[in-house]
Amino acid sequence: MNLKFVFFLGCLFLFATGAIAQSYFGFHTGINSGKFSGDSPRNFIYKGLLQFNAGFDFDIKLKKDLYLAVSPNYLRSGSRLQYPYENEEEEIKEYRDSIKLKIQMLTLPIHLNIISENDKWQYIGGFELGFPVQALADNTSKEIDISDEFNSVMVSMIFGVGYRIPIAESYLAINLGYSQGLTNLARNLEDPESYMPRIRFTSFRLTTIYMLPIGKVAKN
Amino acid sequence: MNANLSKIIATIVAALIFQSNISAQEDKENNVPQLNDHFFIPVTVVPSPFINSYFRTSLGVAQSGEFENVVLEIDGEKIIGLRGTLLFADLDFEYQQKIKDWIALYFNYNLTARLGTELQSLLTQGVNTVSTFRIGWLVRILETEKFLLSADLQVNNHSATFISISEFVKDLVRDSVVTSISRQVPMLNMNGGIRFAYGINRTFGVQGFADLGYGDSYRRGESDFIYRLGCAVDANLAFTTKVPLGFSAFYMSSSLPDYVHVAGKSAINTGLKISYTAGQHYNFGIELSRLRIPIPNVAEKVNSTSVFVSSRYYFN
């Protein structure tokens with residue numbers, strides 16, 4: 001609970017900071033394909049789960065072509081678990097969906113936006129803090145709350161590229177990003193005897209962002 | 001295998017996306033990186049400090065010398081020692097995109113495989129594969145006419161598969177548990193450090209790097225510090241003589257898991273590259289090296305001789 005308080009306090013601080021620096025404020029929404037990676041239950045494999053995310057954006061100008069961006073974000077994501085079975089007709093091994101592991105998180109990406117020479121492309125690199133709010137295991141017949149199985153904080157490294165479309169003094173951007181979890185997602189599983197000691201969370205994200213300038217925009 | 005394929009496809013798609021921005025960039029006559037009029041010869045195991053765009057591949061094989069594998073040891077006495085050799089294969093793709101004069105982003109996919117060449121070594125060492133997908137940033141810190149200093153930060157996602165009959169039997173005898181002949185170990189780590197290049201004169205140049213990192217170990221539940229460092233001294237004859245060749249002597253020491261399949265150990269690679277250096281947009285060469293590498297259940301590091309074919313195409 002304290003972490004969530006810190007999260008929102010950070011958002012307020014950034015909003016205040018953004019208001020005094022030459023910067024942009026906006027909002028985003030998009031889809032993401034999340035996937036667990038690393039150890040999985042024996043014979044099971046992880047597959048991507050398509051979900052959505054939305055949030056706000058603050059871009060603080062550091063240089064003409066360099067922005068510090070903070071994007072408080074609500075993320076629904078997760079992963080599918082599939083199990084193998086023998087297709088006797090075609091004599092091949094196939095995988096079928098077993099359980100959907102769904103996670104809701106508040107995330108705080110802090111990254112640099114590097115703008116290309118022609119102002120059309122932006123390149124993204126930075127880190128993201130994730131605070132899982134709820135985790136559910138869904139096997140189509142019922143949902144089980146498995147929030148206690150996950151750590152309360154997750155750190156990821158984010159990379160991405162975006163295309164910027166200027167609209168008067170504002171702009172619309174379409175970003176394609178990749179987030180690689182650096183810390184273990186599962187709680188108390190560093191024990192070497194544990195069944196699944198290493199699980200990370202990765203996701204591909206396609207996000208649409210609309211940004212409005214705060215204050216007077218300097219002409220480049 | 002599907003995961004590996006998707007990572008390769010992701011790398012290629014990313015390369016295509018980034019490549020679309022290249023047309024707007026300035027086309028120079030010679031894209032090979034240079035300092036002090038010296039055009040550097042790239043070496044696979046010594047990462048380049050230059051902020052430019054390129055695509056590189058390397059494919060290599062290595063054969064180890066004979067080693068003795070201790071299968072069983074009681075009170076320090078070897079009960080069974082089997083002798084054998086190993087065959088190594090390595091495939092590497094890398095794409096780097098210059099974003100600004102001071103920053104570049106790179107993607108790398110590496111696949112290494114090791115297997116015993118005879119029944120003895122196949123039984124004791126099995127078949128091991130490690131696939132690695134890495135993404136990193138390269139940032140220029142300092143550049144003068146002769147000297148370039150850059151910093152890099154990368155995240156490495158490894159997936160190792162060990163197929164070992166001896167470990168399977170050991171698990172059965174020792175633990176009497178249901179076990180598997182195949183063992184998978186996912187590992188994630190980050191490393192960062194510095195890279196430099198120095199153009200001594202038109203013929204000679206030096207490149208080097210040093211990285212330190214931290215992340216998952218091969219031992220479950222443990223984390224390790226990792227490092228890699230190395231340097232290369234090259235002589236490019238293409239611009240001072242009529243000979244379109246260059247030579248590079250290199251040294252590299254690494255404990256990164258895709259290179260060393262034993263936790264807490266490091267390998268040393270020394271070698272020579274012979275390269276065609278008259279190309280204005282590409283480099284092509286053969287790297288011959290001697291590798292001293294630790295392998296599981298063998299006390300001494302094993303010597304191996306490797307041959308790599310490497311190529312690099314510069315976009316700008």
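In case you missed it, the structure is sitting above this.
Residues numbered from 1 in each chain as written. Chains lettered and ligands numbered in written order. Predicted model: local features only at pLDDT ≥ 70, side-chain atom pairs only at ≥ 80, totals over all residues. Heavy atoms only, no water.

A. Highlighting the interface of chain B and chain A. Taken together, the contacts link 30 residues of chain B with 29 residues of chain A. Buried surface at the junction of chain B and chain A, both sides included, amounts to about 2600 Å², of which 63% is carbon and sulfur. If you look at where chain B meets chain A, you find four salt bridges. Among the salt bridges present, the one from A:Asp65 reaches B:Lys100, with a minimum N-O distance of 3.0 Å. Viewed at the interface, chain A and chain B are joined by six residue pairs in polar contact (both at pLDDT 80 or more). Of all the secondary-structure elements, those providing two or more residues to the side of chain B that touches chain A are α1 (2-19), β6 (86-100), β7 (103-116), β8 (127-143), β9 (147-163) and β10 (182-199) of chain B. Take the side of chain B that touches chain A: its biggest share by element is five residues, from β10(B). (Contact = heavy atoms within 4.5 Å. Buried area = accessible area lost by both parts, 1.4 Å probe. Salt bridge = Lys/Arg side-chain N within 4 Å of Asp/Glu carboxyl O. Polar contact = N/O pair within 3.5 Å; in protein donor to acceptor, adjacent residues only side chain to side chain. Helix = DSSP H or I, 4+ residues; strand = E, 2+ residues; numbered from the N terminus.)

B. Examining the sheet that holds β9(B) more closely. All names here are of chain B. Pairing in this closed barrel of 12 strands is antiparallel, and the strands run β3-β6-β7-β8-β9-β10-β11-β12-β13-β14-β15-β16 around the ring. Across the sheet, the mean angle separating the axes of adjacent strands is 15° when strand polarity is ignored. Here strand β3 (residues 54-64) pairs with β6 via 10 bridges, running antiparallel. Residue pairing in the sheet places Arg56 in a bridge with Glu94 of β6. (Pairing = 2+ DSSP bridges. Axes fitted to C-alpha atoms, helices over the stretch in contact; angles between N-to-C directions.)

C. Inspection of the pattern of salt bridges at higher detail. All names here are of chain A. Under the definition given, this model contains 15 salt bridges over all chains. In this structure, the salt-bridge partner of Glu128 is Arg205, at a minimum N-O distance of 2.8 Å. Of this pair, Glu128 sits in strand β7 (residues 121-138) while Arg205 sits in strand β11 (residues 199-214), placing them 77 residues apart in sequence. The same class applies to Glu128 as to Arg205, namely buried. (Buried < 20%, exposed > 50% of the residue type's maximum accessible area, 1.4 Å probe, protein only.)

D. Broad picture of the environment of A:Asn175. Residue and element names in this part refer to chain A. If you trace the backbone, Asn175 turns up in strand β10 (residues 170-181). Separated by 34 residues in the primary sequence, Asn175 and Ile209 have C-alpha atoms spaced 7.7 Å apart. Apart from the residues lying within four places of it in its own chain, the contact partners of Asn175 are Gln122, Ile124, Val161, Gly162, Tyr163, Arg205, Leu206, Thr207 and Ile209. Within polar-contact distance, the side chain of Asn175 engages the side chain of Gln122 at 3.0 Å.

E. Quick peek at the packing of aromatic side chains. Taken as a whole and assessed by the stated rule, the structure comprises 23 aromatic pairs over all chains. Where B:Phe162 meets B:Tyr218, the ring centres are 5.6 Å apart and the plane angle is 65°; that geometry is what we call edge-to-face. Residue B:Phe162 is found in strand β9, and its partner B:Tyr218 is found in the loop between β11 (204-216) and β12 (223-236); the two are separated by 56 residues along the sequence. Note on B:Phe162: relative accessible area 7%, which makes it buried. On the basis of relative accessible area, B:Tyr218 is assigned to the buried category, the value being 10%. A:Arg164 extends its terminal NZ or CZ atom over the ring of A:Tyr171, reaching a point 4.0 Å from the ring centre. (Phe/Tyr/Trp six-rings, centres within 6.5 Å; stacked < 30°, edge-to-face > 60°. Lys NZ or Arg CZ within 6 Å of the ring centre and 35° of its normal.)

F. Structural detail: the pairing of strand β4 (residues 66-70) of chain A. All names here are of chain A. Of all five residues in β4, four are buried; the element is thus mostly enclosed. Strand direction decides the pairing type here: β4 and strand β6 (residues 92-115), joined by five bridges, are antiparallel. Directly across from Val70, in β6, lies its bridge partner Ile110.

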